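# A structural walkthrough
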Amino acid sequence: MRIRSSIFVLCLAAVLALPGVAYAAKATKDTTSTYALDFTLPTAGKSGCMVCHGDPNLVKVAGEVTSTIFVSVQQLDSSAHKADLCTGCHLDFAYTAPHDNVKGTTDWKSVAKLSCKNCKDHKPQFTEYTAGAHSPAGKPGEAAAVTLAARRATGKPLQVPLCGDCHSSHSIPSKEDTAARAVYRSRGVQICGGCHTVQANNYNDYYHGAAYQQGAADAPTCWDCHGTHLVLPTSDRRSMVNERNLVDTCGQDGCHVNVDEDFLVYAKFIHGRTQMVASNPIRKFYDSARIGIEGVFKTIGSWFGRG
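Residues numbered from 1 in each chain as written. Predicted model: local features only at pLDDT ≥ 70, side-chain atom pairs only at ≥ 80, totals over all residues. Heavy atoms only, no water.

Further remarks concern the side chain of threonine 249. Tracing the sequence through the fold places threonine 249 in helix α13 (residues 246-250). Of note is the side chain of threonine 249, whose polar atom sits 2.5 Å from the backbone oxygen of methionine 240. Ignoring anything within four residues of it in the chain, the contact list for threonine 249 reads Asp224, Cys225 and Met240. (Helix = DSSP H or I, 4+ residues; strand = E, 2+ residues; numbered from the N terminus. Polar contact = N/O pair within 3.5 Å; in protein donor to acceptor, adjacent residues only side chain to side chain. Contact = heavy atoms within 4.5 Å.)

Written out as structure tokens, the structure reads:
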């Protein structure tokens, strides 16, 4: 009887102690945990992230805007980065979800778009990128506000494209995927035109722009003439489109042969066709005459309409 009573007392004490143990465990977790989030992903790889992002119905609601955050596994598996971990680019997402550490900000997009710099395969390209006109960086130790003020004072754009803005995100094609690379190339003017609207609209000369717009595979896209990662302003003596270097640029493999100074007279027509045609005195006379004749016919037509 005493043994049974002792066992009963011990069990009762254990049951009464459980809430205290649970509370202590919870308190310890809350005060020492780095991430106060709902659950931990099973892995940093795609199998962990795709638990949520593999759902086509997954969306994010911000005010009245609803946007999808679904990621296609098929798209990832056909990209150049199919063997990479998601957190290789999304460095600030770590192993936890939901991602409260980036809630209410868009900084995570910039982190992902610039994560190429962390890959050894892309170091040369990133070095060129940061030395060119598209570099987001200011001088070492310079505050962001000072950098923006300097860019504004020199006429440089305040917002510069990051790697992901030009190369996209989950669908970056591999070098071996020639069909996908051809599609990407065909979108060159559209990609660069997102910032350089005037230049994209003026790329309509007969031999380059018009041919490119018609889908000619041998017509140059933006980076064939302006460079890929080391893009420099025309005034820079190192720029591919600086007048000192146009002979080499126009005479590069796959382009023109026997390029000389006389040949380069046409160069200003590539982005200047619209303006040059509009300033032609014969064209001005033609446009004025056409407008006048159209006005006469409209007047005569209105007379008959009244009758």
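Here the narrative resumes.
Segments scoring low in pLDDT should not have their predicted coordinates read at a detailed level. Of all residues in the protein, 76% have pLDDT values of 70 or greater, and the mean over the chain is 79. Of all secondary-structure elements in the protein, the lowest mean pLDDT belongs to helix α1 (residues 2-32), at 44, while helix α12 (residues 222-226) reaches the highest, 95. For residues 12-37, every residue scores under 50 in pLDDT, and the model assigns this stretch eight contacts once sequence neighbours within four places are set aside. (pLDDT = per-residue confidence, 0-100.)

It is worth spelling out a negative patch on the surface at this point. On the surface, a cluster of negative charge is made up of Glu243, Asp260, Glu261 and Asp262. Note on placement: aspartate 260 falls in the loop between α13 and α14 (273-279). (Patch = residues over 30% accessible without salt bridge, like charges linked within 9 Å, V, L, I, M, F, W, Y side chains within 5 Å. Areas by Shrake-Rupley, 256 points an atom, 1.4 Å probe, with all protein chains shown as cover. Salt bridge = Lys/Arg side-chain N within 4 Å of Asp/Glu carboxyl O. Lys, Arg positive; Asp, Glu negative; His and termini not counted. Charge placed at Lys NZ, Arg CZ, Asp CG, Glu CD.)

On to the packing of aromatic side chains. Under the definition given, this model contains six aromatic pairs. Ring centres of tyrosine 203 and tyrosine 212 lie 6.1 Å apart, and the angle between their planes is 50 degrees; this geometry places the pair in the tilted category. Note on accessibility: tyrosine 203 and tyrosine 212 belong to one class, buried. Ring centres of tyrosine 206 and phenylalanine 269 lie 5.9 Å apart, and the angle between their planes is 35 degrees; on these two criteria the pair is classed as tilted. Here the residue tyrosine 206 occupies a position in the loop between α10 (197-201) and α11 (209-213), and phenylalanine 269 occupies one in the loop between α13 and α14, the gap between them amounting to 63 residues. Ring-pair connections join several aromatic residues into one group, and the members of that group are Tyr206, Tyr207, Tyr266 and Phe269. (Phe/Tyr/Trp six-rings, centres within 6.5 Å; stacked < 30°, edge-to-face > 60°. Buried < 20%, exposed > 50% of the residue type's maximum accessible area, 1.4 Å probe, protein only.)

Our focus in this paragraph is the side chain of threonine 221. On the secondary structure map, threonine 221 appears in the loop between α11 and α12. A relative accessible area of 1% means that threonine 221 is categorised as buried. At 3.2 Å, the side chain of threonine 221 and the side chain of tyrosine 212 are in polar contact. Contact partners of threonine 221, with chain neighbours within four places excluded, come to Arg185, Gly188, Val189 and Tyr212.

What follows deals with the state of the cysteines. Enumeration according to the criterion identifies zero disulfides in this entry. Note on cysteine 222: no disulfide assigned, nearest cysteine sulfur contributed by cysteine 192 at a separation of 3.8 Å. Cysteine cysteine 250 is unpaired, with the sulfur of cysteine 225 as its nearest cysteine sulfur at 6.7 Å. (Disulfide = S-S within 2.5 Å.)

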